[in-house]
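Structural overview
Chain by chain, the residues:
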Amino acid sequence: MNRNRSQALQTRAETFFPGGVNSPVRAFRAVGGAPPFVERAEGAYLFDADGNRFLDYFGSWGPMILGHAFPPVVEAIERAARNSTSFGASTAAEADLAERIAACYPAIETMRFVSSGTEATMSAIRLARAATGRKIVVKFEGCYHGHADGLLVKAGSGVATFGIPGSAGVPEEIARLTLALPYNDVAAVEAAFAAHPEAIAAVILEPVVGNAGCIPPAAGFLAALRALTARHGALLLVDEVMTGFRVALGGACQLYGIDPDLVTLGKIVGGGLPVGVFGGKRVFMDLVSPLGPVYQAGTLSGNPLAMAAGLATLGYLQEHAAEIYARLESASRTVAEGVAQEAARAGVVLTTNRVGAMWTWFFTPGPVANYDDAARADTAAFGRFHRTMLEAGVWLPPSQFEAAFLSTAHTDADLEATIAAAGKAFCAVASA
Ligand code: HOZ
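Moving on to the overall build of the protein. The helix and strand inventory of the protein stands at 15 helices and 14 strands. At 21 Å, the protein has a C-alpha radius of gyration in line with the 22 Å of a compact globule built from 432 residues. Projected onto its principal axes, the C-alpha coordinates of the protein cover approximately 60 × 55 × 45 Å. Relative to all contacts within the protein whose residues are 6 or more apart in sequence, the contacts with residues 24 or more apart total 72%. Carbon and sulfur atoms provide 55% of the accessible area of the protein, an area that totals close to 17300 Å².

The structure is reproduced here in C-alpha cells:
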C-alpha cells in the first residue's frame, strides 16, 4: 500500500504541530508507522491522501455511530450553516436537543452544553465541589476524563498509551486532591471514604472504561459506588462521554440501571461536531451560574451547527433505536468474536472485552478487569497487529489502550473482510 503522500504530509505537519498532530494518539507512536492523512470518509470507510480506503474501527473515537457523512446529519449541518455558524446567543435548537437527551437520561433533569468532554467533566467536578463544600475527587486508574489538571492523575487514553504517570505541569497540590483507585475494587473505595471522612466531593468514573481499552464494570460495582457515595454525602459522577448513546440509547445508566447525581456526555451528542454536556439533578444544577455561584461559560456552547448535527443524530437513533442497537450488538459480537477465534487458531493469546459496539482485543491472557491487567498486555504484539491490519485496509484504534467502535454503516461483508484480514495478521504476529 502506497502511503507516500501521507508520509510527506506528516513530515510537513511536524513543522507546525508537536509530533505533527493536534491530539497525541493520532501520531501512531504506540504502534509505529506513519499515520494515514484522511481526505474524506463515507459510511464505514476512510479515504486517505494516497487514495487508499480503510475500514474504520475508531469512528472519530465514538461519535460516528451512524457512519461518516450520514446524509440526514450532513443536510442538517448545511441547513443550519446557511443561517450563520455562531450567534453567542440562545436558539430553540438547544432546548430541542436537551429534550431528546433528557428523554433518554432520566438522571439529567437539567443540563448545560459545552464544547468538549474535557469541559464537561471539568465543570461537573467544580459543581460537585461547590455542592458538597469538599475538595477530594476519587477517580479510577486508566479512566480518562479529559485533560483538566486534576483528572490527568493515572489517566487512560494517551496518558496510558505513552506509559506516563500523569502530566508535567500539574501542580502537586492539585494532583493531591485526586485519589486514583483500581477500577472494579469496591474495598478500595470503602477504604478511601474511611481514610477521608467528609472530604470526598465526588466519585467520577467511566461506567464502561473505554480509555484503558474496554473494561466492563464487574457485577455490583456501579451499585456499590451509588450506595457508598450516597452514604458518605459525595456525588456520583458518571462520565458517559464515550458510552452515552453507544452501549444503549440511554447509555450505561440505562444498561446497568444507575441513577447518578451528575452525568457528562459528548461525542455522539454532537453528531461528530464539538459538543459536551454536563447535567443531572436539579438540586445540583441550580448551583450553576446565572442561577447559582458556580461559574461556567463559553462562546461556542450550544453552537447552532453542533446542535443541528446532534439533533439529526439523536433523532435518528431514537426513531430507529430497536433495530439500531440490535444490529450494533450482533455486528460487534460477530467481529469481536470472529477475530478472537482467528487469534486462537493462530495460537495468539487474546482477551476480548466488549460491551455492545465498543470492545478491545487485549494481547494478554487476562482477565482484564482494571488498568494493571490492561498494562500487562503485549503492546509490541498489538503494534505489529495494528500495522498489518492497516496495511490490509483495516484501521483500528492506534493504541492497545483505546476501544474500537462500530457503526451502523459496517456491513456483513465488512465484518467478514475484517475477520479474514485478522486471520492473516495473527499469523504475522505469531511468526514475528
Ligand atoms: N483521547 C482520545 C481518545 N480517547 C483521542 C482523541 C483524538 O485523538 O482525536
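Here the narrative resumes.
Turning our eyes to something else, we now look at the sheet that holds strand β1 (residues 38–42). Strand order in the open sheet formed by four strands is β1-β2-β3-β13, and the pairing between neighbours is mixed. Unpaired on one side and paired on the other, β1 and β13 (394–395) mark the two borders of the sheet.

Before going further, it helps to examine the sheet that holds strand β6 (residues 178–181). Pairing is mixed across the open sheet formed by seven strands, whose spatial order is β4-β10-β9-β8-β7-β5-β6. Here the strands that pair on one side only, and so sit at the sheet edges, are β4 (110–114) and β6. Sheet twist, expressed as the mean angle between neighbouring strand axes with direction ignored, is 20°. Against the sheet, helix α8 (residues 221–232) contacts β5 (136–140), β7 (200–205) and β8 (235–239), and its axis sits at roughly 165° relative to β7.

What follows deals with the packing of helix α12 (residues 321–346) against helix α15 (residues 412–431). Orientation of α12 relative to α15, taken along the N-to-C sense of each, is 25°, at an axis distance of 8 Å. By the angle class used here, α12 and α15 are roughly parallel. α12 and α15 meet at a crossing whose hand is right-handed. Every residue of α15 that contacts α12 at Arg-327, Ala-331, Thr-334, Val-335, Gly-338, Val-339, Glu-342, Ala-343 and Ala-346 is listed here: Asp-412, Leu-415, Thr-418, Ile-419, Ala-422, Gly-423, Phe-426, Cys-427 and Ala-430.

Before going further, it helps to spend a moment on the pairing of strand β3 (residues 53–56). Sheet analysis places strand β2 (residues 45–48) next to β3, joined by three bridges and oriented antiparallel. By the bridge assignment for β3, Tyr-45 is matched with Leu-55. Here β2 folds back onto β3 in antiparallel fashion, the turn holding four residues, of which Gly-51 has a positive phi close to 85°. With two bridges joining them, β3 and β13 adopt parallel strand pairing. From the neighbouring strand, Leu-55 faces β13, where its bridge partner is Val-394.

Turning our eyes to something else, we now look at the side chain of Lys-139. Mapped onto the elements of the fold, Lys-139 is located in strand β5. Glu-206 provides the closest opposite charge to the buried, salt-bridge-free Lys-139, at an N-O distance of 7.6 Å. A polar contact is formed between the side chain of Lys-139 and the backbone oxygen of Lys-154, at a distance of 3.1 Å. Beyond its immediate sequence surroundings of up to four residues, Lys-139 is in contact with His-145, Leu-151, Val-153, Lys-154, Ala-155, Thr-178, Leu-179, Ala-180, Leu-181 and Ile-204.

So, about the site of the ligand. Within the structure, the ligand sits among Ser-23, Arg-26, Trp-61, Ser-157, Asn-211, Met-242 and Glu-402. The contact in question runs from an oxygen atom of the ligand to an N or O atom on the side chain of Arg-26, over 2.7 Å. Measuring from a nitrogen atom of the ligand, one finds a side-chain N or O atom of Glu-402 at 2.9 Å. Protein chains bury 85% of the 290 Å² of accessible surface belonging to the ligand in isolation. Residues belonging to the shell around the ligand are distributed by class as follows: two nonpolar, three polar and two charged.

Looking now at the side chain of Gln-400. Following the sequence through the fold, Gln-400 ends up in the loop between β13 and β14 (404–405). For Gln-400, a relative accessible area of 3% gives the class buried. Within the structure, Gln-400 has its side chain in polar contact with the backbone nitrogen of Phe-363 (distance 3.0 Å). If sequence neighbours within four positions are ignored, Gln-400 has contacts with Ala-212, Gly-213, Thr-360, Trp-361, Phe-362, Phe-363, Ala-377, Thr-379 and Phe-382.

Reading the values: rules and limits
- Residues numbered from 1 in each chain as written.
- Predicted model: local features only at pLDDT ≥ 70, side-chain atom pairs only at ≥ 80, totals over all residues.
- Heavy atoms only, no water.
- Helix = DSSP H or I, 4+ residues; strand = E, 2+ residues; numbered from the N terminus.
- Rg over C-alpha atoms; globule rule 2.2 N^0.38 Å.
- Contact = heavy atoms within 4.5 Å.
- Areas by Shrake-Rupley, 256 points an atom, 1.4 Å probe, with all protein chains shown as cover.
- Pairing = 2+ DSSP bridges.
- Axes fitted to C-alpha atoms, helices over the stretch in contact; angles between N-to-C directions.
- Parallel < 35°, antiparallel > 145°, perpendicular 65-115°, else oblique.
- Left-handed = near helix turned anticlockwise from the far one by under 90°.
- Buried < 20%, exposed > 50% of the residue type's maximum accessible area, 1.4 Å probe, protein only.
- Lys, Arg positive; Asp, Glu negative; His and termini not counted.
- Salt bridge = Lys/Arg side-chain N within 4 Å of Asp/Glu carboxyl O.
- Polar contact = N/O pair within 3.5 Å; in protein donor to acceptor, adjacent residues only side chain to side chain.
- Near = heavy atom within 4 Å.
- Nonpolar A, V, L, I, M, F, W, Y, C, P; charged D, E, K, R; others polar.

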